Amino acid sequence: METAVVWFRDDLRVTDNPTLRDAVGDADEVVPVSVVDPRNRGETRYGTEKCGPHRARFRRESLLDLRASLRERGGELFVRRGRPESVVAEVADSVDADAVYAQTKPATEEFQREYGVRDALPDGVAFERRWTHTLYHVTDLPTPYDRIDDTFTPWRKEVEDGTEVRDPVAAPETVPTPDLDPGEVPTLSALGIDQPPSDDRAVLPFEGGESAGKRRVQQYIWEGDHLREYKQTRNGMLGADYSSKFSAWLAAGCLSPRWLHAEITRYEDERVANEDTYWLVFELLWRDFFQFQFCKHGGDFFAPTGIRDVTKRWDRDREAFERWARGETGVPFVDANMRELNHTGYMSNRGRQNVASFLADALGVDWRWGAAYFEERLVDYDVASNWGNWAYQAGVGNDSRDNHFNVLSQADRYDSGADYVTTWLPELEGLPPTYAHRPWRMDAEEQTEYGVELGSDYPRPMIDIEARYAELGG
Ligand SMILES: Cc1cc2nc3c(=O)[nH]c(=O)nc-3n(C[C@H](O)[C@H](O)[C@H](O)COP(=O)(O)OP(=O)(O)OC[C@H]3O[C@@H](n4cnc5c(N)ncnc54)[C@H](O)[C@@H]3O)c2cc1C
């Protein structure tokens, strides 16, 4: 084969990228292209933005890093703007390509674009898709994805017993590309997106790109030696190292889960293998689970009734939703987490479960609004992980149990000294932890004593949350 186009999607890396590796192996010359699609920005049907500043910045940095890696290999990343359905076909036509290689992703819009590209290709141009974003390859699943169990544990046991993680593939040493206009990686302002604010309290700066992702792995697993205690620390909420923070690099495909798995195995061989080291693999299996669930259920994940057709009456109270989104509910554990998300693009898993439960269970607001808000704000947004976890939490997804969280007891348990809450709500500093988590219990005298006036320094609670949990039971 003479020429192959490589259409980069959520696989912004050169290591363990079978799409790139196969194209380079099969063709004399490749044309790596990234298409900046205007449909990835703008307003959603829920009134939120598709992509907020933190993720936009991360994606831009990831493209710049990919370009640098390809240049180190003698090649180039060609950046074009427009709809991939037209742009990829135009590029293929202009270089007289024999084939287009691309990552395949299981979600609705991603599939539509993929088929759109395939259908628009000039006659005789082959479309080669590669499955590259999960730990297990889709064709290695013991049960085909359309018949897998909808419950995590039986699915996990089946894959752990019945299949193997494939070895990662090396980055190509050289990437021969033709002499074309490279095109600009657009700045955020060119995309009409504000520069995200920087905040010293952020758990990490989350610099985009494979190089920064690998540095994070080096720092977390090898230098910091944190993997040996991952399971014990992963419910933390403050600081860089209570969990891996690999999610943003995994979501953009700057890191491959298989490559991470190989690093975990190497750590287990060279340092220690224990329940904590296994637990990171266990979490990567949760990630896989939602990816395969998306293959199975597709667009049902976006329906209010979810994948199990659960009929619940969802409230469409815009003001309540906006108070939640701004972190002004008057329930500090919820507000602190939402403010962390708004300031930094990240929130811990513990936080995500709690704020999701507060919106869907305590307020009864349409869970899809919350999912769409996370889509806007998260630096690590991934369609399957986000909508799958939201549906799960709202009781319409992969769990039929009532799994609502009592955010007050969660706050007592995971933030007993109120350090997390006061980091993000400095106006509550100086309150004893029990009041920092329940400021509404302060009488007027205590409010004066501690210098926190409810309704002025910090909002009064939007609902009687203690009564609500008594009603929900627990
Ligand atoms: C409502 C809600 C929405 C979420 N939205 C996203 C999202 O858009 N993108 C995203 O990557 N994760 C999402 N998660 C899952 C999880 O919260 C994050 O992956 C995790 O907090 C990221 O931090 P970490 O990399 O330090 O995780 P670690 O604890 O270090 O876990 C390692 C990796 O395992 C994967 N993982 C861990 N937990 C989950 C999970 N529950 N579901 C899927 N994958 C998991 C992630 O890739 C993560 O990077 C969501 C969870 C909830 C409850």
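Residues numbered from 1 in each chain as written. Predicted model: local features only at pLDDT ≥ 70, side-chain atom pairs only at ≥ 80, totals over all residues. Heavy atoms only, no water.

K.L.:
What is the right way to look at the overall build of the protein in this model?
P.N.:
Along the protein, the regular secondary structure elements total 20 helices and five strands. Radius of gyration (C-alpha) of the protein: 23 Å, near the 23 Å computed for a compact globule of 474 residues. Overall, the C-alpha framework of the protein stretches about 80 × 50 × 45 Å when taken along its three principal axes. In the protein, buried positions account for 58% of the 474 residues. At a minimum sequence separation of 6, the contacts of the protein that also span at least 24 residues come to 78%. For the protein, the centre of its 57 positive side-chain charges and the centre of its 87 negative side-chain charges are spaced 2 Å apart. (Helix = DSSP H or I, 4+ residues; strand = E, 2+ residues; numbered from the N terminus. Rg over C-alpha atoms; globule rule 2.2 N^0.38 Å. Buried < 20%, exposed > 50% of the residue type's maximum accessible area, 1.4 Å probe, protein only. Contact = heavy atoms within 4.5 Å. Lys, Arg positive; Asp, Glu negative; His and termini not counted. Charge placed at Lys NZ, Arg CZ, Asp CG, Glu CD.)

K.L.:
Help me understand the side chain of Asn406 in this model?
P.N.:
Its place among the elements puts Asn406 in the loop between α15 (383–393) and α16 (407–414). Within the structure, the side chain of Asn406 is placed 2.9 Å from the backbone nitrogen of Leu408, a separation counted as a polar contact. Within the local environment of Asn406, its side chain forms a polar contact with the backbone nitrogen of Ser409, the two atoms lying 3.1 Å apart. (Polar contact = N/O pair within 3.5 Å; in protein donor to acceptor, adjacent residues only side chain to side chain.)

K.L.:
Would you take a moment to explain the sheet that holds strand β1 (residues 3–8) for this structure?
P.N.:
Where strands meet in a sheet, backbone hydrogen bonds hold them as pairs that are either parallel or antiparallel. Strand order in the open sheet formed by five strands is β3-β2-β1-β4-β5, with parallel pairing between adjacent strands. Where the open sheet ends on each side, the last strands, each with one partner, are β3 (78–81) and β5 (126–130). Here the average twist between neighbouring strands, direction ignored, is 25 degrees. Here four bridges tie β1 to strand β4 (residues 99–103), and the two strands are oriented parallel to one another. Paired with Val5 across the strands is Val100, a residue of β4. (Pairing = 2+ DSSP bridges. Axes fitted to C-alpha atoms, helices over the stretch in contact; angles between N-to-C directions.)

K.L.:
Please clarify how the site of the ligand should be interpreted in this entry.
P.N.:
As a structural note, the neighbourhood of the ligand is formed by 26 residues, with Tyr230, Ser243, Ser244, Lys245 and Asn349 the closest of them. Between the ligand and Ser244, the relevant distance is 2.6 Å, taken from an oxygen atom to a side-chain nitrogen or oxygen of the residue. Coverage of the ligand by the protein chains reaches 97% of its 810 Å² of free accessible surface. For the shell around the ligand, the element with the most residues is helix α10 (residues 275–297), which contributes five residues. Among the residues making up the shell around the ligand, the classes are represented as twelve nonpolar, eight polar and six charged. (Near = heavy atom within 4 Å. Areas by Shrake-Rupley, 256 points an atom, 1.4 Å probe, with all protein chains shown as cover. Nonpolar A, V, L, I, M, F, W, Y, C, P; charged D, E, K, R; others polar.)

K.L.:
Mind showing me how you'd approach the environment of Gln103 here?
P.N.:
For Gln103, the location among the structural elements is in strand β4. The exposure class of Gln103 is buried, given its relative accessible area of 0%. Leaving out residues up to four positions away in the same chain, Gln103 has contacts with Trp7, Arg9, Asp10, Asp11, Thr19, Glu114, Arg130, Thr132 and His133. One polar contact links the side chain of Gln103 to the main-chain amide nitrogen of Asp10, over a distance of 3.0 Å.

K.L.:
Explain the domain arrangement of the protein to me, please; I cannot follow it from the model alone.
P.N.:
Often, the extent of an interface is quoted as the loss of accessible area on bringing the components together. Domain annotation of the protein identifies domain 1 (3–132), domain 2 (133–167 + 210–296) and domain 3 (308–472). Computed over C-alpha atoms, the centres of domain 1 and domain 3 are 37 Å apart. On the side of domain 3, 19 residues touch domain 1, which itself brings 14 residues to the contact. With both sides pooled, the region where domain 1 packs onto domain 3 buries about 1,300 Å², and carbon together with sulfur makes up 55% of that total. Counting the surface domain 1 buries against domain 3, the share from its top three residues, Tyr46, His54 and Arg55, is 53%. At the junction of domain 1 with domain 3, the criterion picks out one salt bridge. Between Lys105 and Asp382 there is a salt bridge; the shortest N-O distance is 3.9 Å. At the boundary of domain 1 with domain 3, the tally comes to seven residue pairs in polar contact (both at pLDDT 80 or more). Examining the composition of the side of domain 1 that touches domain 3, we find that three residues originate from one element, helix α2 (residues 53–72), more than from any other. Here the side of domain 1 that touches domain 3 is composed, by residue class, of four nonpolar, four polar and six charged. (Domains from an automatic or database assignment. Buried area = accessible area lost by both parts, 1.4 Å probe. Salt bridge = Lys/Arg side-chain N within 4 Å of Asp/Glu carboxyl O.)

K.L.:
Explanation requested: the packing of helix α13 (residues 349–362) against helix α20 (residues 465–472) in the structure shown.
P.N.:
For any two helices packed against each other, one specifies the inter-axial angle together with the distance between the axes. Packing of α13 against α20 brings their axes to within 12 Å, and their N-to-C directions diverge by 70 degrees. When the axes of α13 and α20 are compared, the pair comes out roughly perpendicular. Listed contacts from α20 to Phe358, Asp361 and Ala362 of α13 are Ile465, Arg468, Tyr469 and Leu472. Among the residues making up the contact of α13 with α20, the classes are represented as five nonpolar, no polar and two charged. (Parallel < 35°, antiparallel > 145°, perpendicular 65-115°, else oblique.)

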